[in-house]
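One-letter residues, chain by chain:
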Amino acid sequence: MEVFEEARVVGTFVVYDPDSDSSIVVNADRAEERMVPASTFKVAHSLIALETGAAEDVDEVIPYEGGESRFPDEWEQDMSMREALPESNLLIYQVIAARIGLDRMREHVELLEYGNAEIGDVIDEFWLFGPLEISAREQVRFLSRLATGELPVAEENQEHVRDITLVEERDDCRLHAKTGWAFDLEPQRGWWVGWVACGAAPGHPGQVVATSQVRAFALNIDIEQDDQADLREPIARELLDRLDVYSARA
């Protein structure tokens, strides 16, 4: 709890070792609490897009459909999922969601056993406002299955999503991660989730790794002021460092 107290935020952090099926948890009660995934759902969303053929591949350029918005100007352009996922471009993923449709989206969210697997009747906002919710503990289990190729979908599609979630490589470790920010809630909720894969042979960043090489993690915090959103990644990186999962050094 010390890292959260120093940052003056309330939150939880889970690191999961799929090889031993064991976890290290900060704030265990909150780790069980389901909340909207916000943009962390883009990891599953990308996988579903590929599985359903809503996107031909992660490099297919998805057209921005225009319209007045309150979102960043840089979102208002055509983008591939490879570009849109790290940019957290909601507008492009809303286009993809419409292509997938409610029935196929519901089928695949249930297939992936993603949180409560409830998407309601509005195709382009269920991950922002509900009813879809997921806990930190559920996040790490989903992500560890993606890292090790154990999700019940095509391995080729899992490989592509592992590829576009790569954040950085250092020494023999790869860090995959995704942010999330549910900013229309009270309190707002922020996420930083992903996994570290160490000891993998050199090669494509999307390659599957063994369970012994993976540590999946999930952080969420309450955001009382917008600038606290900037604390998500630093807090998680500090905890990964203190737990000897991934060094915080640049």
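Located above this text is the structure these notes cover.
The structure reproduced in this document is the subject of the present report. None of these values were measured; they are calculated from a predicted model. (Residues numbered from 1 in each chain as written. Predicted model: local features only at pLDDT ≥ 70, side-chain atom pairs only at ≥ 80, totals over all residues. Heavy atoms only, no water.)

## Side note on unusual backbone geometry
Most peptide bonds take the trans configuration, and most residues that are not glycine carry a negative phi. At the junction of Gly130 and Pro131, the peptide bond is cis and its omega measures out at 10° in the coordinates. Considering the arrangement of structural elements, one finds Pro131 in the loop between helix 7 (126-129) and helix 8 (136-147). Along the chain, Glu186 connects to Pro187 via a cis peptide bond; the corresponding omega equals 0°. The residue Pro187 is located in the loop between strand 4 (173-182) and strand 5 (188-198) in this model. In the Ramachandran plot, Arg8 falls in the positive-phi region, its phi being about 60° despite a non-glycine side chain. Within the secondary structure, Arg8 is located in the loop between helix 1 (2-7) and strand 1 (11-17). (Helix = DSSP H or I, 4+ residues; strand = E, 2+ residues; numbered from the N terminus.)

## Thoughts on the environment of Gly149
Within the element layout of this structure, Gly149 appears in the loop between helix 8 and helix 9 (155-164). On a C-alpha basis, the gap between Gly149 and Val36 in space is 25 Å, while along the polypeptide they are 113 residues apart. Once you skip the residues sitting within four places of it in the chain, Gly149 turns out to touch Glu155, Gln158, Arg162 and Val208. (Contact = heavy atoms within 4.5 Å.)

## Observations concerning the side chain of His108
Along the chain, the position of His108 falls in helix 6 (residues 102-111). Once residues lying within four places of it in the same chain are set aside, the contact partners of His108 are Ile48, Glu51 and Thr52.

## Focus on the sheet that holds strand 6 (residues 214-223)
Strand order in the open sheet formed by 6 strands is 2-1-6-5-4-3, and the pairing between neighbours is antiparallel. Every other strand in the sheet has two partners, leaving strand 2 (22-26) and strand 3 (166-170) as the edge strands with one partner each. With direction set aside, neighbouring strand axes in the sheet form an average angle of 15°. (Pairing = 2+ DSSP bridges. Axes fitted to C-alpha atoms, helices over the stretch in contact; angles between N-to-C directions.)

## Thoughts on the environment of Glu156
Residue placement: Glu156 occurs in helix 9. On the basis of relative accessibility, which here comes to 53%, the residue Glu156 falls in the exposed class. A sequence separation of 52 residues divides Glu156 from Val208, and the C-alpha atoms of the two residues are 9.9 Å apart. (Buried < 20%, exposed > 50% of the residue type's maximum accessible area, 1.4 Å probe, protein only.)

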